[in-house]
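# Coordinate inspection notes
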Amino acid sequence: MYDVMRVREDFPILSREIYGKPLVYLDNGATTQKPRQVVEAIVDEYYNVNANVHRGVHFLSQQATDLHEASREVVRRFLNAHSTNEILFTRGTTEGINLLAFSFGESMVKEGDEIVVSAMEHHSNIVPWQMMCERKGAHLRVIPMTDSGELEMEALEALLNERTRIVCCTQVSNVLGTVNPIAEVVKIAHRRGIPVLVDGAQSVPHMKVDVQELDCDFFAFSGHKVYGPTGVGVLYGKEEWLEKLPPYQGGGEMIKNVSFEKTTYNELPYKFEAGTPDYVATHALAKALEYVEQLGMKNIEQYERDLTRYALERMQQIEGMHIYGMAKERDAVISFQVGDIHHLDMGTLLDRLGIAVRTGHHCAEPLMRRLGIEGTVRASFGLYNTKDEVDALVAGIEKVRRMF
Ligand code: 7TS
């Protein structure tokens, strides 16, 4: 049903050789490769359509605007948002969270208030909140996790109080692969009237996300991690929240009328989209989302979970193997260390075999501290990886282990 070899044909880079070896690309958590459909959409728009959006009376500007706004509708459908007013184009997850931390912080947070994040957040979902806490005299509180890498839900209940303003949590950990029970986090927070931001950077590429079903208030993701272009992402926000919040950046697009005395702001979603958007990237992002939708998110999820299960089984048989994160619900990310081989040595030697993995703290230093380590090697899978590639990884790790 899911023909991975067919899928691979859409990704020209996968037939590259690295140091004379076939590329085994296992760094999908950092960024994914792009199918022809996405690259061709970029080339086609620059060659045939390019014009600035929302401001021209001329034909090309109209056409570019139509493509850009049709992309917003594709994203709305993809996330099952209620309205395109809830879909804000950003540069990526990081910018989406910074937008929210600023806008929400300015209008909703006072001295002594609390912001809740989890122990397994990427720096992008910690630092913007920390910066805002510093500005407002608020405090960061942390949901702890178990040794197997699962959120302690009772501790979350206990953390929330009348000073809590927002809960910010990743749906999938970029280090442990844990899939967090977001719908439950939302229920717990909503019972106390507290909104929830979900970091979807690592979930959107791997599973069907329905923001109405999750009932989250905000949801951020990056285009480049879901087979789309770099430099574009999305912040979803419930309309009732976005109506209340002030703009993040000022400039063109986000205004209704400007005078030196007073400026009035544009309606949603433009209130939050100052300046010329990357309208070529938004169009290409829509192509990427249509691409995965056409393969079927359920099929992708099933395929990747099987592949990850196979990889876990094989890797656990390697002598000295330690895998970080053994949550019951886990996704296509495997962080590991072998004996006392430094993660950087392992990564460098695997690279010489054509195998691309990530090493280090994965922008999650507080999580590394919680695990009592400095870093890991991380293999993260995408919809084009195969069992043969897992076998190559396992053989590579064995080879490196024997060298030490
Ligand atoms: N949140 C999570 C959970 C992430 O994994 C990442 C990127 C981000 C936010 C930031 O995304 P950006 O597109 O705005 O940069 N994670 C990784 C990674 O694991 N390796 O490289 C980037």
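Everything numeric here is computed off the predicted structure, so don't read it as measured data. (Residues numbered from 1 in each chain as written. Predicted model: local features only at pLDDT ≥ 70, side-chain atom pairs only at ≥ 80, totals over all residues. Heavy atoms only, no water.)

## Topic: the nonpolar core
Here is the rule we go by: Definition of nonpolar core: a set of buried residues of the types Ala, Val, Leu, Ile, Met, Phe, Trp, Tyr and Cys, connected through side-chain atoms within 4.5 Å. Only protein chains enter the area calculation, which uses a 1.4 Å probe; residues under 20% of their type maximum are buried, those over 50% are exposed, and those in between are partly exposed. Those domain boundaries reflect an automatic or database domain assignment. By the convention used here, residues are in contact when the closest approach between their heavy atoms is within 4.5 Å.
Among the nonpolar cores identified, the biggest contains 96 residues, and Leu79, Phe219, Met315, Phe336 and Ile397 are the most heavily contacted of them. Both of domain 1 (4-30 + 296-403) and domain 2 (40-293) provide at least three residues apiece to this core. If near-sequence neighbours (up to four positions away) are discounted, Phe336 is found in contact with Met315, Met321, His322, Ile323, Tyr324, Met346, Thr376, Val377, Ala379 and Ile397. In this structure, Leu88, Ala138, Ile166 and Ala220 belong to the second largest nonpolar core, which totals 24 residues.

## Section: the sheet that holds strand S10 (residues 233-237)
For sheets, the rule is that strands pair by backbone hydrogen bonds, running either parallel or antiparallel. Applicable threshold: DSSP bridges decide pairing: two strands pair if at least two such bridges lie between them. Elements are defined by DSSP. Helices are runs of H or I of four residues or more, strands are runs of E of two residues or more, and each kind is numbered from the N terminus. Inter-axis angles, ranging from 0 to 180 degrees, are taken between N-to-C directions of lines fitted to C-alpha atoms, where helices are fitted over the stretch in contact.
If you walk across this open sheet you meet the 7 strands as S4-S10-S9-S8-S7-S5-S6, and the pairing is mixed. Of all the strands in the sheet, just strand S4 (87-90) and strand S6 (139-143) have a single pairing partner and so form its edges. Each strand axis lies, on average, 20 degrees off the axis of its neighbour in the sheet, ignoring direction. Judged from the 5 bridges that link them, strand S9 (residues 218-222) and S10 form a sheet pairing that is antiparallel. In the strand pairing of S10, Phe218 is matched with Gly237. Taken strand by strand, helix H3 (residues 59-79) contacts S4, S9 and S10, and its axis lies near 115 degrees from that of S4. Helix H4 (residues 93-108) rests against S4, strand S7 (164-170), strand S8 (196-199), S9 and S10 of the sheet, and its axis sits at about 150 degrees to S9.

## Some thoughts on the domain arrangement of the protein chain
Using the following cut-off: Two parts lose some accessible area (1.4 Å probe) when they are put together, and adding that loss for both gives the buried area. Put simply, a salt bridge is a Lys or Arg side-chain nitrogen that is within 4 Å of an Asp or Glu carboxyl oxygen.
In terms of domains, the protein chain is made up of domain 1 (4-30 + 296-403) and domain 2 (40-293). Summarising the inter-unit geometry, the C-alpha centres of domain 1 and domain 2 are found 28 Å apart. With 37 residues of domain 1 in contact, the opposing surface of domain 2 contributes 33 residues. A combined buried area of about 2800 Å² lies between domain 1 and domain 2, and 55% of that area is made up of carbon and sulfur atoms. On the domain 1 side of the interface with domain 2, the three residues burying the most area are Met297, Leu367 and Arg370, jointly 23% of the side's total. Connecting domain 1 to domain 2 are 2 salt bridges.

## Section: the packing of helix H2 (residues 36-48) against helix H10 (residues 279-295)
What counts is decided by this rule: With respect to orientation, any angle under 35 degrees is reported as roughly parallel, any angle over 145 as roughly antiparallel, any angle of 65 to 115 as roughly perpendicular, and every other angle as oblique. Rotating anticlockwise by less than a right angle from the far helix to the near helix defines a left-handed crossing, while the corresponding clockwise rotation defines a right-handed one.
Following both chains from N to C, one finds H2 and H10 inclined at 150 degrees, their axes separated by 8 Å at the closest point. In terms of axis orientation, H2 runs roughly antiparallel to H10. Relative to H10, H2 is oriented so that their crossing is right-handed. Seen from H2, the contacting residues are Gln37, Val38, Ala41, Ile42, Glu45 and Tyr46; seen from H10, they are Tyr279, Val280, His283, Ala284, Lys287, Ala288 and Tyr291.

## Re the sheet that holds strand S14 (residues 333-338)
Spatial ordering of the open sheet is given by S13-S14-S17-S16, a layout of 4 strands whose pairing is antiparallel. The two strands at the open ends of the sheet, each matched to only one other strand, are strand S13 (321-324) and strand S16 (358-360). Within the sheet, the average angular offset between the axes of one strand and its neighbour, ignoring direction, is 30 degrees. Two strands pair when backbone bridges link them, and S16 and strand S17 (residues 376-380) are joined in this way by 3 bridges, in the antiparallel orientation. Among the inter-strand pairings, Gly360 is bridged to a residue of S17, identified as Thr376. Contacting S14, S16 and S17, helix H12 (residues 343-352) runs over the sheet at an angle of about 160 degrees to S16.

## Remarks on the site of the ligand
Threshold: We call a residue near a given molecule or strand whenever any one of its heavy atoms falls within 4 Å of it. Under this definition, polar contacts are N or O atom pairs within 3.5 Å; protein pairs additionally need one hydrogen-donor-capable and one acceptor-capable atom, and for neighbouring residues in sequence, both atoms have to be side-chain atoms. Surface accessibility follows the Shrake-Rupley procedure with a 1.4 Å probe radius. Residue values consider only the protein chains on display as shielding.
Lining the immediate environment of the ligand, one finds 16 residues, of which Thr94, Asp199, Ser222, Arg358 and Arg378 sit closest. One of the side-chain nitrogen or oxygen atoms of Gln202 is found 2.7 Å away from an oxygen atom of the ligand. The separation between a nitrogen atom of the ligand and a polar side-chain atom of Lys225 is 3.0 Å. Contact with the protein chains removes 86% of the 490 Å² of surface that the ligand exposes when unbound.

## Focus: unusual backbone geometry
Of note, the amide linkage connecting Leu268 to Pro269 takes the cis form, showing an omega dihedral of 0 degrees. Mapping Pro269 onto the fold places it in the loop between strand S12 (263-265) and H10. The phi dihedral of Tyr19 is positive, around 50 degrees, even though this residue is not glycine. Using a relative accessible area of 44% as the deciding quantity, one classes Tyr19 as partly exposed. Non-glycine residue Asn80 carries a positive phi angle of around 55 degrees. Tracing the chain through its elements places Asn80 in the loop between H3 and S4.

## Focus on the pairing of S8
Inclusion rule: For the handedness criterion, the strands are oriented away from the viewer, and a crossover whose path from the first strand over the helix to the second runs clockwise is classed as right-handed.
Because side chains alternate across S8, one face comprises the buried residues Val196 and Val198, and the other comprises Leu197 and Asp199, equally buried. Sheet topology note: the S7/S8 ladder contains 4 bridges and is parallel. Bridging from a neighbouring strand, Cys169 pairs with Val198 of S8. This β-α-β element, S7 to helix H7 (residues 182-191) to S8, shows right-handed connectivity.

## A look at the packing of H4 against helix H5 (residues 127-136)
Rule in force here: Residue polarity is assigned by list, with Asp, Glu, Lys and Arg as charged and Ala, Val, Leu, Ile, Met, Phe, Trp, Tyr, Cys and Pro as nonpolar; anything else, Gly included, falls into the polar class.
Following both chains from N to C, one finds H4 and H5 inclined at 20 degrees, their axes separated by 9 Å at the closest point. Relative to H5, the element H4 is oriented roughly parallel. Between H4 and H5 lies a crossing whose hand is right-handed. Contact residues: H4 offers Ile97, Asn98, Leu100, Ala101, Phe102, Gly105 and Glu106, while H5 offers Pro128, Trp129, Met132, Arg135 and Lys136. Residues that form the contact of H4 with H5 fall into these classes: 7 nonpolar, 2 polar and 3 charged.

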